[in-house]
Amino acid sequence: MPQRIVTLVDLQIQNILSVTQALNLVGARVIVARDAAAIAQADLLVLPGVGSFAEASRRLFQSGLAEVIQHHALERQRPVVGFCLGMQLLGDSSQEHGEHPGLGLIPGQVVRLREKLPDHRVPNVGWRTVHLNEYSTAVLPAVLDGANFYHVHSYHFEVKSPSHCIGTSRFADENIASIVARGRVLGTQFHPEKSQEPGLDLLHALVCHFR
Amino acid sequence: MKRLIPVLLLKNGLIVRSQLFSIHQSIGNPMHTVRRLSNWNVDELILLDISTEDRHDLRRDDLQVQYQGTTLLGLLPEIAKLCFMPLAVGGGIRDIEAMRERFAAGADKCVINSEAVRNPALLTEASRAFGAQAVVVSIDVLRHRDGRLEVMIDGGRTPTGLDPLAWARECEQRGAGEIVLNSVDRDGAGTGYDLALVQAVTTSVSIPVIACGGVGAYADFVPALNEGGASAAAAANIFNFYELAYPHAKKTCIDAGVAMRPVQLANKWFTREPQYDFQIEKAKLEMRMSHARQGLFAAAQDPRERKMRWCTQCLYPSLSATPMEYDAKGLCTGCQMAQMKTDFGASEWQRRGTILRGIFEQARSSDGTRHDCVIGVSGGKDSYFQTHYVKNVLGYKPLLVTYYGNNYTPEGEYNLRRMAEVFDVDHIIYKPSVTLLKKLNRLGFQIMGDMNWHGHMGIATLPMKIAALHKIPLVVWGEHGYADLCGQFSMNDFVEWSYRNRLEHFGRGYEWNYMVGFEDITAADMVPYQYPSDQELFDLNLKGIYLSNYVPWDGNANSKLASELYGFEAGNTPFERTYRRASNLDDMHENGAHDYMKYVKFGYGRCTDHASKDIRSGALSRAEGIALARHHDPVKPFDVQRWLNYVGMDETTFDAIADTFRDPRVWWFDGGWRRHELSD
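The residue numbers shown here count from 1 along each chain, following its written sequence. In the order they appear in the text, chains get letters beginning with A and ligands get numbers beginning with 1. Predicted model: local features are reported for residues with pLDDT of at least 70 only, side-chain atom pairs are reported and counted for 80 or more only, and whole-chain, interface and lining totals are derived from all residues.

Helix numbering and strand numbering both begin at the N terminus, where a helix is a DSSP run of H or I of at least 4 residues and a strand a DSSP run of E of at least 2. From N to C terminus, chain B includes 28 helices and 19 strands. Rg of the C-alpha trace for chain B: 25 Å, near the compact-globule value of 26 Å for 680 residues, within the 12% margin. Each principal axis of the C-alpha distribution contributes one length, and for chain B these read about 75 × 65 × 50 Å. When each of the 680 residues of chain B is scored for burial, the buried share is 54%. Our radius of gyration is a C-alpha quantity, and the globule rule it is checked against amounts to 2.2 Å times the number of residues to the power 0.38. Residue burial is a threshold on neighbouring C-beta atoms within 10 Å of the residue's own C-beta, all placed from the backbone, with 20 or more meaning buried, 12 or fewer meaning exposed, and counts in between meaning partly exposed.

Here is the structure:
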């Protein structure tokens, strides 16, 4: 199989290096894109994420990258994947430090987690078991059902349509969206690049099969 | 699920062991350790840089694992390549820009300590810019004698007057996402966490708290996570001391009912043995050989200004083959640890003897169907002492295992052959093919300037391999060379044998598979150097202990005992490179050509090692030591000729290859090779 090329959208506030290393390890070639031209050529587009939603949103819309990504997903029907903040950016908007627009590729809102002491603290930091549900895609191998992934977030994605949440984890007494997907758009609340074997397995599956 | 987190303390590029925030002992290269932690699927990693210089010192040319940068920011991307778990980085972070740089270099979180106290607005700003989850505040707390708690900064040196609970709440309000809570007075003490402090902080804030400081045993993690309410338990030292410490610690927590990810000893994306790109490695070797032919020597071309320093008591240079540190008086960690040992009274040795017996009782064959332990023996004076102690003092049944490197002196061979008889024990002598040995001699010399790489790795592998094969859970080593020479560990660490130590210090980062492909060597040829898997080590709970942690250990005394009780023969002819006669008879090159290469690289040799030990024990004065080292260290020994005939190399080629390894910080060329030398 020829080597898959993955294009990372670099807003210059993310952990580009970690994601690059992990994608390289599972056999992908990585292009880091900072402008519309580079993204317009992309096949599999990845939005890595750490940082604040407000800042990322501002950078996406001011630079015009938001439109290019939307075009990539909606017009070109090419795959887009987001991790952590990158996943949240796929939604309509976020309430983190005010109200900020997202890319609107998966309908839903990003809202703050409700803490429940002593055990469910915010940020929600650590390894959480993720269960794939009946909406899950064939792209993700069944072995990932029940695997542990590294989550670190204070806000979470409330999807509008239940079918867009394909993997959940428990926080306090709720199921929260750990994996969201709609057509060729997929996002993980956790960091697969920092989730060791299951994370690398997931990246490998996306690199090989998400088309 | 709760997290168990190893903390790596970095000082000038090397991992250090810390005690009371003030004594730092060099453990080694972070890359080897991070790779191990990745293998074990650790929940997260915290890296704290406590460097005092902006220069990192990993530039030895004979090591496989190197990196080019001279600062933490140069090191981070290299670490990130090996780190597929979350990485929090701290140390010296003063502004948003410093955080941005660390995130770009592979950090997932930044840990802020002193600067948060000096400039709390930084927390607010950082949380806005990077999100709360990326901002971790480290709080170092000192419990005063009267029980009062106080936040300390600047590595525990500066009191702040701040109450830890109030300060933790302020950090939370300002947007910190997590707190690392460290106890200054428990650092390196091994007496367990300050549980009351952990409880007080976890009930004062609603963000996750990581407990740190004081762990001395695996069971110490549990109360912080259960009663203490911490979201994660962290420690530094303990993970450096024992093989598979992380999985064993995790198992202890899970067995005690803490919800955690299960122990996982391997990762299919990331092997324990480093994977080398043969084409790149081959090109590196060809480049070195080409430099040797053309006379392009780094030391001659690149005279770097760097001040060498020496220990004020013994003869150890700052640029040594062994990692070390100096205290404020200029005393090296080797001398500090030797002093600690000298200060032990009879009751301390008695206490250690009791611990040792406990270890043997646990490991012994309960039904008498196997040996009680394995002893790796070379047939030297220390081998005699170890076997004497295990068999005839403690009364256990050892299996002796020898890696036969084909370089024995006649006396060494005689001593080796007699062991089974004089001790009435079983003895396995493993002889690799001589053709293979010749190839490994040549390759070791060309690749890393050490013809005895095969010997170090064979000795460091076979006893463990034979123990795993025969399901014997205990291997008894003699002294921990680096703890003894350079004070790598404290006597209170009871440091044990580890794969990391084997690969990093015995193998210089060159694992057995590195050699496959060179000179048509196959994987099957390298069987004697293939180490048991982590799963085998874990399932058998295979431990390798150092006898020198439990019983008084002195090379000269061991030699005397071996010859008086067992007819051990010292060398008939004196060595050229040292004044001691009873050491290293198992390998004529160990005190000869191999040691000459140490001199070529670092400017000192085994005589400095021996004299330093003898100065510490009072057998030599420093002036006598200096005179001896000055005489012996530079000698080019006669056995170089034997070695050249053995492997088929001429002396000019030998000298040229050797010169490519000269360290520019020690050597320069001025009509001839000159070196920084210790003067009286």
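With that out of the way, let us pick up the sheet that holds strand β10 (residues 155-159) of chain A. Residue and element names in this part refer to chain A. When DSSP finds two or more bridges between a pair of strands, those strands are recorded as paired. Spatially, four strands are ordered β6-β5-β7-β10 in an open sheet, and the strand pairing comes out mixed. The open sheet has two edge strands, β6 (100-101) and β10, and neither has a second partner. The pairing of strand β7 (residues 108-112) with β10 spans five bridges and is antiparallel. Looking across to β10, one finds that R112 is bridged to Y155.

With that settled, consider the sheet that holds strand β14 (residues 398-403) of chain B. Residue and element names in this part refer to chain B. Spatial ordering of the open sheet is given by β15-β14-β13-β16-β17, a layout of five strands whose pairing is parallel. Because the sheet does not close on itself, it has two edges, and the strands there are β15 (426-430) and β17 (543-546). Across this sheet, the average inter-strand angle for adjacent strands is 25°, counted without regard to direction. In the sheet, strand β13 (residues 373-376) pairs with β14 via four bridges, with the strands oriented parallel. Following the sheet pairing, V374 is matched in β14 by L399. Here an angle of 0 to 180 degrees is reported between the N-to-C directions of two axes, which are lines fitted to C-alpha atoms, with helices fitted over the stretch in contact.

On to the domain arrangement of chain B, then. Interfaces are frequently sized by the accessible area removed from exposure as the parts join. Residue and element names in this part refer to chain B. According to the domain assignment, chain B contains domain 1 (3-255) and domain 2 (281-675). Domain segmentation is taken from an automatic or database assignment of domains. The gap between the C-alpha centroids of domain 1 and domain 2 is 33 Å. Taken together, the contact between domain 1 and domain 2 spans 23 residues of the former and 32 residues of the latter. Among the elements of the structure, β2 (14-19), β3 (23-28) and α1 (30-39) are those that each provide at least two residues to the side of domain 1 that touches domain 2. The leading source of residues in the side of domain 1 that touches domain 2 is β3, at five residues. What counts as a contact is two residues whose backbone-derived C-beta atoms lie within 7 Å of each other.

Looking now at the pairing of strand β8 (residues 149-153) of chain B. Residue and element names in this part refer to chain B. Pairing geometry for strand β7 (residues 135-143) and β8, over four bridges, is antiparallel. Counterpart to L142 in the pairing with β8 is E150. Joining the antiparallel neighbours β7 and β8 is a turn of five residues, in which G147 adopts a positive phi near 95°. Of the pairings in the sheet, the one linking β8 to strand β9 (residues 158-159) comprises two bridges and is antiparallel in character. The residue of β9 that forms the bridge with I153 is T158. Taken together, β8 and the strand that follows it, β9, pair antiparallel across an intervening segment of four residues, in which D154 is found at a positive phi of about 55°.

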